[in-house]
Amino acid sequence: MAVTLALAEPRHLPAILAIYTPVVEHTAVSFELAPPMLDELAARVERTLAVAPWLVCEDGGEVLGYAYATSFRAPPAYRWAVETTVYVGERHKRRGVGRGLYTALIAILRAQGFRMAIGGIALPNEGSVRLHEALGFQPVGTFARVGYKLGRWHDVGFWELELIADDQREPAPPLTVETVRETPVWREALADGAACVGPVDAT
């Protein structure tokens, strides 16, 4: 079966949690100390979809990875900025899954009318830095020793991607996910993202 990208649904939640749990338990990529329960994950996905996409990449029904965007900050003046996140299952890295998910996510965020995407990366993380910079994100700064996990302090770097370059005085509020889903941009974004994903033995 062909690789596909889709909006996260309840049926995807166990697979999403299976990808995220070892990241939380064994790495500092996530600063959470314990993985969420399934009902909390469901609530997170629902909150996310009220603002921006939560996408999954599937191959033959198996979830290879996922990506989403959340509001960067709560105050309304930040409403045109989002923070992006991507996770790929350990067995499916180096297949272009992360690139495919981010390619689709970025296209949809642009269609929604968001102006800035921000990625925060716990350092060192060469793979994530390489992915962000390959897609046009630019480094803007690092907070030193800002998180403590697994017995040591960790730096966090931030990268930004200008999604829409204009100085519009009164920008319209971002469109909803449901609104963009009804446009050709949605289908094109998912197809372009899926086309980035290679076979299992890709390097």
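Please refer to the structure placed before this passage.
Remember, predicted model here, so these are calculated numbers, not experimental data.

J.: Pulling in residues and values, what's your account of helix α4 (residues 126–134)?
T.: Three or more residues of α4 are buried, namely Ser 128, Val 129, Leu 131 and His 132. Here the buried residues of α4 occupy an arc of 165° about the axis, which is enough to place them on one side. Facing away from the buried surface of α4 by more than 90 degrees, the exposed residues are Glu 126 and Arg 130. Looking at the buried side of α4, the elements it contacts are β4 (81–88), α3 (97–112), β5 (116–123) and β7 (152–162). Gly 136, located one to two residues past α4, shows a positive phi value of around 100°.

J.: Go over the sheet that holds β4, please, and point to the residues and values.
T.: Taken in spatial order, the seven strands of this open sheet run β1-β2-β3-β4-β5-β7-β6, and their pairing is mixed. Each edge of the open sheet carries a strand with a single partner, namely β1 (3–7) and β6 (138–149). Shown here is a sheet whose adjacent strand axes are inclined to one another by a mean of 25°, direction ignored. Strand direction decides the pairing type here: β1 and strand β2 (residues 54–59), joined by five bridges, are antiparallel. Bridge pairing in β2 links Leu 5 to Cys 57. Its contacts with the sheet put α3 on β1, β2, β3 (62–71), β4 and β7, and the angle it makes with β4 is roughly 160°. This element, α4, spans β4, β5, β6 and β7 of the sheet and lies at about 160° to β5.

J.: Account for unusual backbone geometry, naming residues and giving values.
T.: Cis peptide bonds are those with omega within 30 degrees of zero, and the linkage from Leu 123 to Pro 124 qualifies with 0°. Structurally, Pro 124 can be placed in the loop between β5 and α4. With a phi angle near 50°, Arg 145 is a residue other than glycine that sits in the positive phi range. Relative to the helices and strands, Arg 145 is located in strand β6. Under the relative-accessibility criterion, Arg 145 is labelled exposed at 53%. The residue Leu 150 is not glycine, and still its phi comes out positive at about 55°.

J.: Let's hear about the layout of surface pockets: which residues, and what values?
T.: Reported here for the second largest pocket is a volume of approximately 170 Å³. Val 51, Ser 71, Arg 79, Phe 114 and Pro 174 are, among the 15 residues lining the second largest pocket, the residues nearest its centre. Residues that form the lining of the second largest pocket fall into these classes: 11 nonpolar, two polar and two charged.

J.: Please provide a residue-by-residue account of the pairing of β4, values included.
T.: Regular strands place side chains that alternate from one sheet face to the opposite one. Among the eight residues in β4, seven count as buried, and that is most of the element. Two strands pair when backbone bridges link them, and β3 and β4 are joined in this way by seven bridges, in the antiparallel orientation. When the bridges of β4 are listed, Thr 70 appears paired with Glu 83. As paired elements, β4 and β5 share three bridges and run parallel to each other. In the strand pairing of β5, Ala 81 is matched with Met 116.

J.: Tell me about a nonpolar patch on the surface, residues and numbers included.
T.: Taken together, the side chains of Phe 31, Phe 143 and Val 146 define a hydrophobic patch exposed on the protein surface, amounting to about 290 Å² of accessible area. Note on placement: Phe 143 falls in strand β6.

J.: So what's going on with the packing of helix α1 (residues 13–26) against helix α2 (residues 38–49)? Residues and values would help.
T.: It is at 10 Å that the axes of α1 and α2 come closest, and there the two elements cross at 105°. One element, α1, and the other, α2, form an angle in the roughly perpendicular class. Contacts between α1 and α2 involve Leu 13, Pro 14, Ile 16, Leu 17 and Tyr 20 from the former and Leu 38, Leu 41, Ala 42, Arg 44 and Val 45 from the latter. Residue classes in the contact of α1 with α2 are distributed as nine nonpolar, no polar and one charged.

Cut-offs and rules
Residues numbered from 1 in each chain as written. Predicted model: local features only at pLDDT ≥ 70, side-chain atom pairs only at ≥ 80, totals over all residues. Heavy atoms only, no water. Buried < 20%, exposed > 50% of the residue type's maximum accessible area, 1.4 Å probe, protein only. Helix = DSSP H or I, 4+ residues; strand = E, 2+ residues; numbered from the N terminus. Arc of directions from axis to C-beta. Contact = heavy atoms within 4.5 Å. Pairing = 2+ DSSP bridges. Axes fitted to C-alpha atoms, helices over the stretch in contact; angles between N-to-C directions. 1 Å grid on protein atoms, 1.4 Å probe; cavity = no way out; pocket = protein on both sides within 12 Å on 5 of 7 lines; lining within 4 Å. Points joined across faces, edges and corners; volume = space filled by probe spheres on them. Nonpolar A, V, L, I, M, F, W, Y, C, P; charged D, E, K, R; others polar. Patch = residues over 30% accessible without salt bridge, like charges linked within 9 Å, V, L, I, M, F, W, Y side chains within 5 Å. Areas by Shrake-Rupley, 256 points an atom, 1.4 Å probe, with all protein chains shown as cover. Salt bridge = Lys/Arg side-chain N within 4 Å of Asp/Glu carboxyl O. Parallel < 35°, antiparallel > 145°, perpendicular 65-115°, else oblique.

Shape is all these values report; function is a separate question.
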